[in-house]
Amino acid sequence: MEILNQQTPRSFRVEDIFLEPTERQPEVLVRYPSQQWGETFEAKSDSFTIVMNRDLKGSIQMASGMAVFLSKKHPLKNVLLVNTYAGVELMQRTLALGMKDAELPMPSSFARFFPQSEGTPGPNDRLPIFDDSVASPFPFNLRLLDCPMATCTTWRLEQEIQLYPSDIVILNSLEFASLSQWQRGQLAEGLLELRAKFGLTIVIFSQEMRSDISPYFKGRGALGILSAHAPSVWRIMTAAEQEKWDNLRRRGIVH
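Here's what I pulled together on the structure shown here. (Residues numbered from 1 in each chain as written. Predicted model: local features only at pLDDT ≥ 70, side-chain atom pairs only at ≥ 80, totals over all residues. Heavy atoms only, no water.)

## Points about unusual backbone geometry
Keep in mind that most residues, glycine aside, have a negative phi and that most peptide bonds are trans.
Now for step 1: Within the chain, D46 stands out as a residue other than glycine whose phi angle is a positive 55°.
Now for step 2: With respect to the element layout, D46 can be found in the loop between strand 2 (40-44) and strand 3 (48-53).
Now for step 3: Given a relative accessible area of 22%, D46 falls into the partly exposed group. (Helix = DSSP H or I, 4+ residues; strand = E, 2+ residues; numbered from the N terminus. Buried < 20%, exposed > 50% of the residue type's maximum accessible area, 1.4 Å probe, protein only.)

See the structure below:
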């Protein structure tokens, strides 16, 4: 396959750089309202988004839900969800929940993923839509690459993208993609190359919660490599985590 958008060093006269077209402005693909400090997180096209969330299963759910949502919102874009942790049952359940939130009709057999909870649903609660007449409930532009723990490598991702061209790649756990710090660093550098080569939008979920990871700010390790190229960094916290974080901010320990 021909290499696309591969960046190579170039030498310019100063006046020539002003003749070059500027980079395409990224599009906001999804917004996530957060309770923390009144923020609204955004994921933008043609770039990296880092989502830090200590709750591993919560990250799996967010990644699956985001993949389904984006595949519905952008039918002309191909979405690749890369699973590095979850088993079959967890992937089935989180994808089904994502389909419910995206208001996609599902076969009645999917009712097993939505056990009846006590109480009456609130006015803003989405209920699953069951329709056995739908030929296929699954988004046609969404694929799943299942990489068992510590088997997610740059060449595996590139092979998948070459076979099934993708526009958006969502990795549901960076820590389980590669277990050693060195391997994660190699993967991070590979993701930079793949983003430039194929013009990808990449969303990375991490179970770390670090103060040195900020948009366009280089930090330590794999996340630090990626954050230098990320216009958006999300911190998803519980109320207790947020209170602890706020205390550290007031003491000037984190920023």
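What follows picks up the thread again.
## Remarks on the sheet that holds strand 10 (residues 232-236)
Now for step 1: With parallel pairing, the six strands of this open sheet are ordered in space as 7-4-8-9-3-10. Among the strands making up the open sheet, the edge pair consists of strand 7 (142-146) and strand 10. Between one strand and the next, the sheet's axes are offset by a mean angle of 15°, whatever the strand orientation.
Now for step 2: Taken together, the four bridges between strand 8 (residues 168-171) and strand 9 (residues 201-206) define a ladder with parallel strand orientation. Each residue of the ladder has a partner; that of I170, found in strand 9, is V203.
Now for step 3: Along the sheet, helix 2 (residues 56-73) makes contact with strand 3, strand 4 (79-83), strand 7, strand 8, strand 9 and strand 10, crossing strand 4 at roughly 165°. (Pairing = 2+ DSSP bridges. Axes fitted to C-alpha atoms, helices over the stretch in contact; angles between N-to-C directions. Contact = heavy atoms within 4.5 Å.)

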